[in-house]
Amino acid sequence: MSHSEQQTGGPGHAWARGWMSDSSQLLVSQVLTVIATSFAAIMIARTLDPDDWGVFSAFLGLSMALTLVADFGIGTWLLRELSRLHADAEGPRSAPEIGRLASSGVVVNVAIALPLIVAGVVWTTVARPGVAMSFALIALLGYGMLTAGANALEACLRARREVRLVLAASLVEKSVLIVVLVTVVLLDLGLGAIGLAYVVAGL
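Residues numbered from 1 in each chain as written. Predicted model: local features only at pLDDT ≥ 70, side-chain atom pairs only at ≥ 80, totals over all residues. Heavy atoms only, no water.

K.L.:
Got a sec to walk through helix H8 (residues 191–202)? Specific residues and values, please.
P.N.:
Taking 1.5 Å per residue, 12 residues should reach 16 Å; H8 reaches 17 Å between its end C-alpha atoms and fits that length. Inspection of H8 places Leu191, Gly192, Ala193, Ile194, Gly195, Ala197, Tyr198 and Ala201 among the buried residues, and these make up the whole buried set. (Helix = DSSP H or I, 4+ residues; strand = E, 2+ residues; numbered from the N terminus. Expected span 1.5 Å × (residues − 1). Buried < 20%, exposed > 50% of the residue type's maximum accessible area, 1.4 Å probe, protein only.)

What follows is the structure, encoded as structure tokens:
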């Protein structure tokens, strides 16, 4: 064992510290996400009447499910493959393959989500819940598609052990969502603007 390993407690301890650091940051991200989404749900529920809130919350849940369906295990696969490429330490030679895998992951996630968005458009056309409600519902599905695409980018950051950037991105997204939602509620801009708030945050 080298002198540096003795000082740091050995490679096993270094692995444990890295795991605990990454896991704690991801846990903070999840907790803040739950707090932010709960706050957003309370604000929206106080703004909408019961019928509109019922439909809106159903589509919000659908957009979250869309994120899981569109990911289709791609995020986990990307994390494994990108981690392997970074571990190979081939430098510039690995960069094209890393870029190809990352962009392909985003494209596949978006492609899987698109038919569900089309189905949402068809439903609003048939059910005709109103222009504002239709826009809000499609916007929520679009938010789910953006989130699914971002999962591929998150895998790239996690493969490089840049979990702090994942946490920062999550904080920025939820902060933007809360700020825009507060603005929409205070100005009483309506249901369509609420849906737009989610798209802005997702972008």
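Now that the structure is up, let's keep going.
K.L.:
Pulling in residues and values, what's your account of the confidence of the model for the chain?
P.N.:
The share of residues in the chain with pLDDT of 70 or more is 83%, and the mean pLDDT across the chain is 77. Mean pLDDT across the elements of the chain bottoms out in helix H1 (residues 3–8) (48) and peaks in H8 (88). Under a pLDDT of 50 for its full length, residues 4–8 has, in the predicted model, 5 contacts with residues more than four places off or in other chains. (pLDDT = per-residue confidence, 0-100. Contact = heavy atoms within 4.5 Å.)

K.L.:
I'd like to hear about the pattern of salt bridges, residue by residue, with values.
P.N.:
Counted according to the given criterion, the structure contains 4 salt bridges. Between Arg158 and Glu154 there is a salt bridge; the shortest N-O distance is 3.9 Å. Highlighted residues: Arg158 and Glu154, both in helix H6 (residues 131–159), separated by 4 residues, approximately one helical turn. (Salt bridge = Lys/Arg side-chain N within 4 Å of Asp/Glu carboxyl O.)

K.L.:
Quick one: what's the story with the packing of helix H7 (residues 163–187) against H8, residue by residue and with numbers?
P.N.:
At a minimum axis distance of 8 Å, the contact between H7 and H8 shows a crossing angle of 160 degrees. With respect to their mutual orientation, H7 and H8 come out roughly antiparallel. The handedness of the crossing between H7 and H8 is right-handed. On H8, the residues that touch Glu173, Val176, Leu177, Val180, Leu181 and Val184 of H7 are Ala193, Ile194, Ala197, Tyr198, Val200, Ala201 and Gly202. Residue composition of the contact of H7 with H8, by class: 11 nonpolar, 1 polar and 1 charged. (Axes fitted to C-alpha atoms, helices over the stretch in contact; angles between N-to-C directions. Parallel < 35°, antiparallel > 145°, perpendicular 65-115°, else oblique. Left-handed = near helix turned anticlockwise from the far one by under 90°. Nonpolar A, V, L, I, M, F, W, Y, C, P; charged D, E, K, R; others polar.)

K.L.:
I'd like to hear about the packing of aromatic side chains, residue by residue, with values.
P.N.:
If you walk through the whole model with that rule in mind, you get 1 aromatic pair. Aromatic pair Tyr143 and Tyr198: ring centres 5.3 Å apart, planes at 75 degrees, arrangement edge-to-face. With Tyr143 in helix H6 and Tyr198 in helix H8, this residue pair connects regions lying 55 residues apart in the sequence. Neither Tyr143 nor Tyr198 differs from the other in exposure class; each is buried. (Phe/Tyr/Trp six-rings, centres within 6.5 Å; stacked < 30°, edge-to-face > 60°.)

K.L.:
Run through the packing of H6 against H8, naming residues and quoting values.
P.N.:
The N-to-C vectors of H6 and H8 enclose an angle of 15 degrees; their axes lie 7 Å apart at closest approach. Here H6 is positioned roughly parallel relative to H8, judged by the angle of their axes. Considering only the axes of H6 and H8, their crossing is left-handed. Across from Ala132, Met133, Phe135, Ala136, Ala139, Leu140, Tyr143 and Leu146 in H6, the residues of H8 making contact are Leu191, Gly192, Gly195, Leu196, Tyr198, Val199 and Gly202. Residues of the contact of H6 with H8, tallied by class, amount to 12 nonpolar, 3 polar and no charged.

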